[in-house]
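Chain by chain, the residues run as shown.
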Protein chains: 2
Amino acid sequence: MVTRKDVAERAGVSVAVVSYVMNNKTNVKETTRNKVLAVIQELDYRPNLVARSMKTKKTQQLAVLVNNLGNPFEAGILISLERSAMERGYFLFFQKFQPQQEESLKSLFAGRVDGIILLGQSLAMTTIEYFQQQGIPVISIMEPSSNEKGIVPFLDIDWASAMKQLFVHLKSRGYRSIAYLTAGQQMSSQHYEVRNRALIHAAGEEDIQLDELIEVDSCNFETAYRHLVAKWTSQSDFSYQALLCVNDLTAAGAVAACKQLGISVPERLAIVGCEDILMSSQTSPTITTIHYPRLAIGEATLERMLALIQGQAVKNEILKNELVVREST
Amino acid sequence: MVTRKDVAERAGVSVAVVSYVMNNKTNVKETTRNKVLAVIQELDYRPNLVARSMKTKKTQQLAVLVNNLGNPFEAGILISLERSAMERGYFLFFQKFQPQQEESLKSLFAGRVDGIILLGQSLAMTTIEYFQQQGIPVISIMEPSSNEKGIVPFLDIDWASAMKQLFVHLKSRGYRSIAYLTAGQQMSSQHYEVRNRALIHAAGEEDIQLDELIEVDSCNFETAYRHLVAKWTSQSDFSYQALLCVNDLTAAGAVAACKQLGISVPERLAIVGCEDILMSSQTSPTITTIHYPRLAIGEATLERMLALIQGQAVKNEILKNELVVREST
């Protein structure tokens, strides 16, 4: 880690002068000032990190990197995280970012947070390693689909078992052929890929026919609704008996699309979601879904994060899920 | 500073296409994609926050203090704020806090944010003055009910006019006597007080009888649902013809309570919300509500915040609302 002293030595000034420059004091010559600023950039000196660690090693702050601000599913987990953090005297803040902003996270977070919680987000290996070198542990809510695996511990439900349970239910109601609505391949929502894989695996095991794959650009209500209305308007008929949606928002969009087009649910088409957000219990018909233990996972994640901060090892953890059968199947 | 717009112009594409490329969306042709990537490199378009904050003393970070993480109403505003911030190269982070944590905000934010946006939150006068002395402006989404008034500029709809519009509608349907469900006095949700005052004022003007005030501990679905089921179970009858709820989540809870107890909506009781969240269009019956311009208010707030950061004066702003009439009235 670069210190103020390193900057002073390289710039050929005293440590005090470095402090003056950093605090925008006027008692420094313009040429000296420019020299110090150049060295700060050259050495990638992050003053907040140093200032922080001079006072205390810990900030009592945790960052939560979120993928989706608009899904009540994520919001429910955030509420649980926030309550648990407050009880333990931690501040939690939430930040959304785009892949190309990832580099900026380093300067934003270094020295400012004690840990980082990924909520349906993904970081490059180099970024994770950077934070780990800084002593900032990273944990993930929901299994990361690729790069962080094995490096970042995660908490999730067993999606393969949840999907199996769902298919057993569908078969018991006579549905054997399904369509699956999910996010298009290039979407930066890797946690859906875990569900996709679990679905394909479970469909094979339970002898359920995956009749059609419906890909949408964004897993929200409006996108699913519009996509399905357009699709079913142009398509004379479809053979699948049930539509499984990657989350509840899209399932609600599917219910609305069926209502719009006069497709009876569940008689002509059964509809199923994943997550169990509040709205799924209030639509007409109400929606059968996989209940995700939002409260429990928020609490457990915070506990594991505090263990990581204290230098303890943390294993991946699988929480219990539940199939909630409602009117749509 | 290079903006997304500059990249779009140079590449001869729309700003949206630049966003698609940056987000790895698949709906862009390979040639277009390569062109945009080349321009991004050519113009060196990347928010280099460290370099920038050294030059300008600005952090390019804004804090949003939120009151409620669980209401899709606030989430919709956050999404709009976040999009606008990203387009202008700002980072946004969201923080919930309790009144007794307010003092900690000073050390958390000083020197780390360029501005603070209150979203249904409230700060003590001393805290606001502290931030203003630090050159950190504060702006509020929704009118603050008390202390910040006149100090903190706000953006909101005209609640008195919205309530009036609502009462004119209720009268046209024959409803003249209402109950009002809102947050109990001790709740730290001052923005509801603005709605309360507007309601009382408009009821007087439109000669609507406020038959009963129903106070709940928390303005969420579950609390309202339980409160009303208990109340209407123990109460043999009630005289009001319509129930107006301070937000949509509680209105949805009221619809569910009526369904549970066999109270027909709108025949025996009309139900109305405020805010217009997605769920209100999907319940059965769907809920009449006051539409709050979430997208527009997020964009306008960010614009005003940037003006404040540049030292410009900003006035309070009233945005247009709309009455959305649905099946529940």
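Please read all numbers here as calculations on a predicted model, not as lab measurements.

(A) Local environment of the side chain of Ser-280 of chain A. Residues and elements named next belong to chain A. Structurally, the position occupied by Ser-280 is in the loop between strand 9 (270-275) and strand 10 (288-291). With relative accessibility at 0%, the residue Ser-280 sits in the buried group. In contact with Ser-280, not counting residues within four places along its chain, are Asp-248, Thr-286, Ile-287 and Arg-326.

(B) Examining the interface of chain A and chain B more closely. Contacts between chain A and chain B engage 37 residues on the former and 39 residues on the latter. Considering only the surface of chain A that becomes buried against chain B, Leu-69, Phe-91 and Gln-282 of chain A emerge as the three largest contributors, covering 16% of it. The interface formed by chain A and chain B includes two salt bridges. A salt bridge links Glu-82 of chain A to Lys-96 of chain B; its shortest N-O distance comes to 3.7 Å. On inspection of chain A and its partner chain B, the count reaches one residue pair in polar contact (both at pLDDT 80 or more). Mapped onto the side of chain A that touches chain B, the elements with two or more residues apiece are helix 3 (30-43), helix 5 (72-87), strand 2 (91-96), helix 6 (102-109) and helix 11 (248-261) of chain A.

(C) Structural context of the environment of Ile-141 of chain B. All names here are of chain B. Residue placement: Ile-141 occurs in strand 4 (residues 138-141). Considering only alpha carbons, one finds Ile-141 and Val-2, 139 residues apart in sequence, at a separation of 29 Å. The residues touching Ile-141, leaving out its near neighbours within four places in the chain, are Ile-77, Leu-81, Ile-117, Leu-118, Leu-119, Gly-120, Leu-155, Ile-297 and Thr-301.

(D) Structural context of helix 9 (residues 190-205) of chain A. All names here are of chain A. In this model helix 9 runs 24 Å from its N-terminal to its C-terminal C-alpha over 16 residues, within 8% of the 22 Å that 1.5 Å per residue would give. If you check which residues of helix 9 are buried, you get His-191, Tyr-192, Val-194, Arg-195, Asn-196, Ala-198, Leu-199, Ala-202 and Ala-203. Of the surrounding elements, those touching the buried residues of helix 9 are helix 5, helix 8 (159-172), strand 6 (177-183), strand 7 (209-216), strand 8 (242-245) and strand 9. Of the residues flanking the end of helix 9, it is Asp-207, one or two places downstream, whose phi is positive at about 55 degrees.

Calculation notes
Residues numbered from 1 in each chain as written. Chains lettered and ligands numbered in written order. Predicted model: local features only at pLDDT ≥ 70, side-chain atom pairs only at ≥ 80, totals over all residues. Heavy atoms only, no water. Helix = DSSP H or I, 4+ residues; strand = E, 2+ residues; numbered from the N terminus. Buried < 20%, exposed > 50% of the residue type's maximum accessible area, 1.4 Å probe, protein only. Contact = heavy atoms within 4.5 Å. Buried area = accessible area lost by both parts, 1.4 Å probe. Salt bridge = Lys/Arg side-chain N within 4 Å of Asp/Glu carboxyl O. Polar contact = N/O pair within 3.5 Å; in protein donor to acceptor, adjacent residues only side chain to side chain. Expected span 1.5 Å × (residues − 1).

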